[in-house]
Amino acid sequence: MKNNHIITLSSIALFTMGCSPSSDVIASSNLNDYHGSASITQGLAKTIKENLFECDNGRSRVAGIGEITDAEGKVWTVPATNHFAHANKAVDLYEQCANITPRSIADVDVDSVPVAIIDADGEEITGYIFADNYFELYINGQLVAIDSVPFTPFNSSIVKFKVNKPYTIAVKAIDWEENLGVGTEYSRGVSHHPGDGGFIASFSDGTVTSSDWQAQTFYTAPIYDLTCLSEIDGKRLSDTCTTASTNSGDNAYAAHWQVPADWMNQGFNSTSWPPATQYSEREIGVNNKKSYMNFIEKFSGAGAHFIWSTNVVLDNEVLFRYEVK
Ligand SMILES: [Ca+2]
Ligand SMILES: [Ca+2]
Ligand SMILES: [Ca+2]
């Protein structure tokens, strides 16, 4: 009788705990430790779009969209809001799912690339872009091109636009995720591996990505200890946070910052945004990616550098800005 009584009490206790969101039970003390400007969520997002992209010729990771609610009731879209479903895709330099696999820029029909008109009397500029994993390109606030592959396989793009100087380049870059809301993907037998990002571009007017660009972070995950997050001089830092892989990452935290509605416009004041951080080709890991290597003369060969925010692993939504004088 005594044992049964104890079991009954335990069952009631477990049942009560089960009724509250598990995040409240596990996270309360840690959430109180966080004093930064981000909104914090915990755990997996609700999938609202199962998969944005099917690869007809090869393999691709599932590129979904999720929503997750923070403690104030605000809903965040993960990995980030984007225009993939509706906007025109950039012309592919290299995209194996579509069987577009030229061996070099000499095999690309550059003349057939449509020209986006920003200024009718402007200079015609050609751009070459590679993103890990996804980009949206704005010129003077106008959406010019979006990446044709949201997650994998790795692709590269060519764009053209007519514009007068000075002009403003603004890029939304997304390091996509399989486990929506916690910034991780399956890798080598481990379910929660924090993938990395990276962005590089060159333009025919001599503009190249470098630490002269600005980069600001809007989504950081996975975070297992919120005290590793800090903010200094506009930088949203996570340099002391672990980037280890784990099989038990379903309850990881994520940090979200609201993207200003006019962030891509020429007049947007981005003086508080930190400079972009440059990364080497080795750090990004491109030497096995034909979508990059086949056109390397248009990337590092043109003087461009891979850029991201301060954390190329944990920062999954990064906005770049650069003014061409
Ligand atoms: Ca892509
Ligand atoms: Ca990542
Ligand atoms: Ca990635």
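Refer to the structure presented above.
These figures come from a predicted structure and were not determined experimentally.

So, how was this worked out
- Starting from 1, residues in each chain are numbered consecutively following that chain's sequence as written.
- Each chain gets a letter, beginning with A, and each ligand a number, beginning with 1, in the order they are written.
- Given that the model is predicted, a residue must reach a pLDDT of at least 70 before its local features are reported, and side-chain atom pairs must reach 80 or more before they are shown or counted; all residues, however, enter totals for whole chains, interfaces and linings.
- As a convention, hydrogens and water are excluded, and side-chain values are obtained from all of the structure's heavy atoms.
- For Na, K and Ca the donor cut-off is 3.2 Å, while for other metals it is 2.8 Å, and in both cases only N, O and S atoms qualify; water is not among them, so sites may look incomplete.
- In this text, helices come from DSSP runs of H or I with a minimum length of four residues, and strands from runs of E with a minimum of two, each type numbered from the N-terminal end.
- Summary of the burial criterion: residues with accessible area below 20% of their type's maximum are buried, those above 50% are exposed, and those between are partly exposed, where the area comes from a 1.4 Å probe applied to protein chains only.
- Nonpolar cores are built from buried Ala, Val, Leu, Ile, Met, Phe, Trp, Tyr and Cys residues. Side-chain atoms within 4.5 Å join them into one set.

Enquirer: Outline the coordination of the calcium ion (ligand 3), listing residues and values.
Expert: A metal bound by six donors in octahedral fashion has ideal angles of 90 or 180 degrees, whereas one bound by four tetrahedral donors has an ideal angle of 109.5 degrees. In the first shell of the calcium ion (ligand 3), the protein supplies Asp132 (OD), Asn133 (OD1), Asp175 (OD) and Asp196 (O), at 2.2 to 2.5 Å from the metal. Between the donor residues of the calcium ion (ligand 3), the gaps in sequence give the motif D-N-x41-D-x20-D. Taken as an interatomic distance, the gap from the calcium ion (ligand 3) to the calcium ion (ligand 2) is 5.9 Å; Asp175 donates to each of them. Separated by 21 residues along the polypeptide, Asp175 in the loop between β11 (167-174) and β12 (185-187) and Asp196 in the loop between β13 (190-193) and β14 (199-203) bring together distant segments of the chain. For Asp175, a relative accessible area of 2% gives the class buried.

Enquirer: I'd like a rundown of the nonpolar core, residues and numbers included.
Expert: Core analysis: the largest hydrophobic core is formed by 70 residues, its most contacted members being Phe161, Phe199 and Phe320. Within the second largest apolar cluster, 15 residues are counted, among which are Leu52, Ala87, Phe151 and Trp176.

Enquirer: Which residues make up unusual backbone geometry, and what are the values?
Expert: That bond from Thr152 to Pro153 is cis: its omega, 0°, falls within 30 degrees of zero. Across the junction of Lys165 and Pro166, the peptide omega takes the value -5°, indicating a cis bond. Considering the arrangement of structural elements, one finds Pro166 in the loop between β10 (156-163) and β11. One non-glycine residue with positive phi stands out, namely Asn140, at about 50°. Here Asn140 shows up in the loop between β8 (134-139) and β9 (142-146). By relative accessible area, which is 21% here, Asn140 ends up partly exposed.

Enquirer: Provide a residue-level description of the coordination of the calcium ion (ligand 1), including the pertinent values.
Expert: The protein atoms that coordinate the calcium ion (ligand 1) are Asn133 (O), Asp147 (OD), Asp147 (OD), Val149 (O) and Asn155 (OD1), at distances spanning 2.3 to 2.9 Å. For the calcium ion (ligand 1), all donor residues lie on one chain, and their spacing in sequence is N-x13-D-x1-V-x5-N. Linking Asn133 in the loop between β7 (123-131) and β8 with Val149 in the loop between β9 and β10, this pair joins segments that are 16 residues apart in sequence. A relative accessible area of 2% places Asn133 in the buried class.

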